[in-house]
Amino acid sequence: MPSDNHIKAAFSLIEDKAKVLGLNIGIHENVQPGTWLPRKEAQELPELSFAGANPTSTYLVVSLDIDAPFPSFGILGPILHWIQSDIKVTSEAVLKFDAPFVANYIGPAPPPISAPHRYLFLLYEQPEGFDLKAYAPAGGKNVSNSNRMRYDLDAWAEQIKLGLPVAFNYFTCN
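Residues numbered from 1 in each chain as written. Predicted model: local features only at pLDDT ≥ 70, side-chain atom pairs only at ≥ 80, totals over all residues. Heavy atoms only, no water.

- An unreviewed UniProt entry lists the protein chain under the name Protease inhibitor (Tfs1), from Penicillium concentricum.

Okay, here's the thing in structure tokens:
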């Protein structure tokens, strides 16, 4: 599976509660790692927080579905669900952004007969000199589905000199 190194590093973070990314999505607040959410209630852009965030740092978040099309047959995964750069932390540890997305957020959409999929949210310190315009679609266009399938986070991370994730969370949905 592409993105294996970053995904393994992310899952190891949840062993330390201080490195769990705060995740509110729709009506669900303080989503804990592995929580199951109904598909219809997980379509809104998540709100993020991180108590361990450095107030002088800028962050980037990547969201992936690692179980497409089925957890037992993940030939299309991971599927890219969101990349947002230029994230800053507020005094309440809330992560805020006003920059355009790198990849627009799409909510969960596993096939109706599928077992639950895992939707990952990996938070990174944004690399120095990251150029949003070099990676975001021109004119704020949405990223096509074909550019989301089999997304190789490890390769992109190497290209932009992205370190390993600093915080992580995920939910399941079907």
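On we go.
1. So, the pattern of salt bridges
Link 1 in the chain: Using the criterion set out here, one finds 2 salt bridges in the structure.
Link 2 in the chain: Measuring nitrogen to oxygen at the nearest pair gives 3.6 Å for the salt bridge that ties Asp-4 to Lys-8. Here Lys-8 and Asp-4 lie together in helix H1 (residues 4-13), a separation of 4 residues that amounts to about one turn.
Link 3 in the chain: Residue class for Asp-4 comes out partly exposed when judged on its relative accessible area of 30%.
Link 4 in the chain: Across the pair Asp-67 and Arg-118 runs a salt bridge whose closest N-O atoms are separated by 2.7 Å. Of this pair, Asp-67 sits in the loop between strand S4 (59-65) and strand S5 (79-89) while Arg-118 sits in strand S7 (residues 117-125), and the two are 51 residues apart along the sequence.
Link 5 in the chain: Residue class for Asp-67 comes out buried when judged on its relative accessible area of 3%. (Salt bridge = Lys/Arg side-chain N within 4 Å of Asp/Glu carboxyl O. Helix = DSSP H or I, 4+ residues; strand = E, 2+ residues; numbered from the N terminus. Buried < 20%, exposed > 50% of the residue type's maximum accessible area, 1.4 Å probe, protein only.)

2. As for the sheet that holds strand S3 (residues 47-49)
Link 1 in the chain: Strands sit in the order S1-S3-S6-S5-S4-S7-S8-S2 across an open sheet of 8 strands; the sheet is mixed. Each edge of the sheet is formed by a strand with only one pairing partner; in this case those strands are strand S1 (22-24) and strand S2 (35-36).
Link 2 in the chain: Strand direction decides the pairing type here: S1 and S3, joined by 3 bridges, are antiparallel. Residue pairing across strands places Asn-24 opposite Glu-47, the latter belonging to S3.
Link 3 in the chain: Running over the sheet, H1 touches S4, S7 and strand S8 (167-173) and is turned about 90° from S7.
Link 4 in the chain: Relative to S4, helix H3 (residues 153-160) is tilted by about 165°, and along the sheet it contacts S4, S5 and S7. (Pairing = 2+ DSSP bridges. Contact = heavy atoms within 4.5 Å. Axes fitted to C-alpha atoms, helices over the stretch in contact; angles between N-to-C directions.)

3. Some thoughts on the pairing of S8
Link 1 in the chain: Counting buried positions along S8 yields 7 of 7 residues, so the element is predominantly enclosed.
Link 2 in the chain: Side chains Ala-167, Asn-169, Phe-171 and Cys-173 of S8 all project onto a buried face; the interleaved residues Phe-168, Tyr-170 and Thr-172 project onto the opposite face, where all are buried too.
Link 3 in the chain: Bridge count between S2 and S8: 2 bridges; the pairing is parallel. If you follow Trp-36 over to S8, its bridge partner there is Thr-172.
Link 4 in the chain: Sheet topology places S7 next to S8; 7 bridges connect them, and they run antiparallel. By the bridge assignment for S8, Leu-122 is matched with Phe-168.

4. Re the layout of surface pockets
Think of a ball as big as a water molecule: rolled over the atoms, this probe shows where empty space is left.
Link 1 in the chain: Volume-wise, the largest pocket comes out at about 230 Å³.
Link 2 in the chain: Lining the largest pocket are 16 residues, and of these Ile-79, His-81, Ile-106, Ala-109 and Asn-145 sit closest to its centre.
Link 3 in the chain: When residues of the lining of the largest pocket are traced back to their parent elements, those giving at least two are S5 and S7.
Link 4 in the chain: Taken as a whole, the second largest pocket encloses approximately 170 Å³ of empty space.
Link 5 in the chain: Taken together, Leu-80, Ile-83, Val-102, Ala-103, Tyr-135, Pro-137, Asn-142, Val-143, Asn-147, Tyr-151 and Trp-156 make up the lining of the second largest pocket.
Link 6 in the chain: Its residues placed into classes, the lining of the second largest pocket shows 9 nonpolar, 2 polar and no charged. (1 Å grid on protein atoms, 1.4 Å probe; cavity = no way out; pocket = protein on both sides within 12 Å on 5 of 7 lines; lining within 4 Å. Points joined across faces, edges and corners; volume = space filled by probe spheres on them. Nonpolar A, V, L, I, M, F, W, Y, C, P; charged D, E, K, R; others polar.)

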